[in-house]
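Fold and contact review
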Amino acid sequence: MIELQRGDITKMEVDAIVNAANSSLLGGGGVDGAIHRAGGKAILDECMAIRNRQGGCPTGEAVITTGGNLPARYVIHTVGPVWNGGNKNEESLLASAYQNSLKLATANQIKTIAFPNISTGIYHFPKQKAAEIAVKTVKDFLAASDVVEKVIFVCYDEENFKIYERVI
Ligand code: ADP
């Protein structure tokens, strides 16, 4: 089951929200900054522990932490690709970011999960193409999933919201 909402992902009452993180896991701007501000120090502490263990998170992969002070119990931090013209494997790396987030959700018995529009902000991935990849990857995953039941795409900007309305 797929839903679409306009708004701020930090407010979502779901089992897990996904963060469009960067490889350092140390926080940043955009949705990453918003999640760390709203969720508090517990999230950064766990990110630091993961960094010390495995040296950050490669592009296309995902890690999980507490949701700290957020309504969501967990944050899944995934690193989408920086758009670099389209010949740097960006499309499959974006699909991997969604897939690996959903695999981690499955491993943690997460039933409801909210995604932001990964890579479409500071990382400049074209929004239409990103939405098509996000929706197809999530649909394919849900069709074969017996753990994750609901995926909510949370669009912060109007342009993405309109694109997702059409794509879904
Ligand atoms: P990236 O570096 O992956 O491009 P950004 O955070 O810059 O990450 O942008 C990803 C998307 O997150 C953008 O579409 C942006 O509009 C959106 N965004 C920013 N703040 C929030 C928020 N509080 N909730 C949901 N989405 C957000």
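A short tour of the structure in this document, coming up. (Residues numbered from 1 in each chain as written. Predicted model: local features only at pLDDT ≥ 70, side-chain atom pairs only at ≥ 80, totals over all residues. Heavy atoms only, no water.)

1. Let's talk about the overall build of the chain
Of regular secondary structure, the chain possesses 5 helices and 6 strands. Helices and strands in the chain line up, N terminus first, as β-β-α-α-β-β-α-β-α-β-α. By the compact-globule yardstick of 15 Å for 168 residues, the chain fits well, its C-alpha radius of gyration being 14 Å. Every one of the 168 residues in the chain was classed for burial, and the buried ones make up 46%. Of the roughly 8,000 Å² that the chain leaves accessible, carbon and sulfur atoms contribute 49%. Taking the average place of the 17 positive charges on the side chains of the chain and the average place of its 18 negative ones, the gap between the two points comes to 2 Å. (Helix = DSSP H or I, 4+ residues; strand = E, 2+ residues; numbered from the N terminus. Rg over C-alpha atoms; globule rule 2.2 N^0.38 Å. Buried < 20%, exposed > 50% of the residue type's maximum accessible area, 1.4 Å probe, protein only. Areas by Shrake-Rupley, 256 points an atom, 1.4 Å probe, with all protein chains shown as cover. Lys, Arg positive; Asp, Glu negative; His and termini not counted. Charge placed at Lys NZ, Arg CZ, Asp CG, Glu CD.)

2. With respect to the packing of helix H1 (residues 30-39) against helix H2 (residues 41-54)
When two helices pack together, their arrangement is given by the angle between their axes and by how far apart the axes lie. One can describe the packing of H1 onto H2 by two numbers: an axis separation of 6 Å at closest approach and a directional angle of 115°. In contact with Ile 35, His 36 and Gly 39 of H1, H2 contributes Lys 41, Ile 43, Leu 44 and Cys 47. Taken together, the residues that form the contact of H1 with H2 break down as 4 nonpolar, 2 polar and 1 charged. (Axes fitted to C-alpha atoms, helices over the stretch in contact; angles between N-to-C directions. Contact = heavy atoms within 4.5 Å. Nonpolar A, V, L, I, M, F, W, Y, C, P; charged D, E, K, R; others polar.)

3. Regarding the site of the ligand
Lining the immediate environment of the ligand, one finds 16 residues, of which Asp 8, Val 31, Ser 119, Gly 121 and Ile 122 sit closest. Contact between the ligand and Ser 119: an oxygen atom at 2.8 Å from a main-chain N or O atom of the residue. Asn 160 places a side-chain nitrogen or oxygen 3.3 Å from an oxygen atom of the ligand. In the complex, the protein chains occlude 92% of the 570 Å² of accessible area that the ligand would expose alone. (Near = heavy atom within 4 Å. Polar contact = N/O pair within 3.5 Å; in protein donor to acceptor, adjacent residues only side chain to side chain.)

4. Regarding a nonpolar patch on the surface
On the surface, a cluster of nonpolar side chains totalling about 230 Å² of accessible area is made up of Leu 26, Leu 44 and Met 48. By the element assignment, Leu 26 lies in the loop between strand S2 (16-20) and H1. Residue Leu 26 is classed as partly exposed on the basis of its relative accessible area of 40%. (Patch = residues over 30% accessible without salt bridge, like charges linked within 9 Å, V, L, I, M, F, W, Y side chains within 5 Å. Salt bridge = Lys/Arg side-chain N within 4 Å of Asp/Glu carboxyl O.)

5. Re the nonpolar core
Ranked by size, the top nonpolar core spans 30 residues in total, and within it Tyr 98, Ile 113, Phe 115, Val 151 and Phe 153 carry the most contacts. Ranked by residues supplied to this core, first place goes to helix H4 (residues 127-143) with 8 residues. Residues in contact with Tyr 98, not counting those within four places in the same chain, are Phe 115, Pro 116, Asn 117, Ile 118, Ala 134, Thr 137, Val 138, Phe 153 and Tyr 164. Among the nonpolar cores identified, the runner-up in size contains 19 residues, and Ile 9, Leu 25, Ile 43 and Ala 72 belong to it. (Core = buried A, V, L, I, M, F, W, Y, C linked by side-chain atoms within 4.5 Å.)

6. Notes on the layout of surface pockets
Counted as a void, the largest pocket has a volume near 560 Å³. Lining the largest pocket are 26 residues, with Ala 20, Gly 30, Val 31, Asp 32 and Gly 121 positioned closest to its centre. With 4 residues, the single largest contributor to the lining of the largest pocket is H1. Class assignment of the residues belonging to the lining of the largest pocket gives a composition of 11 nonpolar, 12 polar and 3 charged. (1 Å grid on protein atoms, 1.4 Å probe; cavity = no way out; pocket = protein on both sides within 12 Å on 5 of 7 lines; lining within 4 Å. Points joined across faces, edges and corners; volume = space filled by probe spheres on them.)

7. So, the pairing of strand S4 (residues 74-78)
S4 sits mainly inside the fold: 5 of its 5 residues count as buried. Here S4 shows two buried faces, one formed by Tyr 74, Ile 76 and Thr 78 and the other by Val 75 and His 77. Both S2 and S4 contribute to a ladder of 5 bridges, which runs parallel. By the bridge assignment, Ile 17 is partnered in S4 with Val 75. Relative to S4, strand S3 (residues 62-66) is paired through 5 bridges, and the arrangement is antiparallel. Within S4, the position partnered with Ile 64 by the bridge is Ile 76. (Pairing = 2+ DSSP bridges.)

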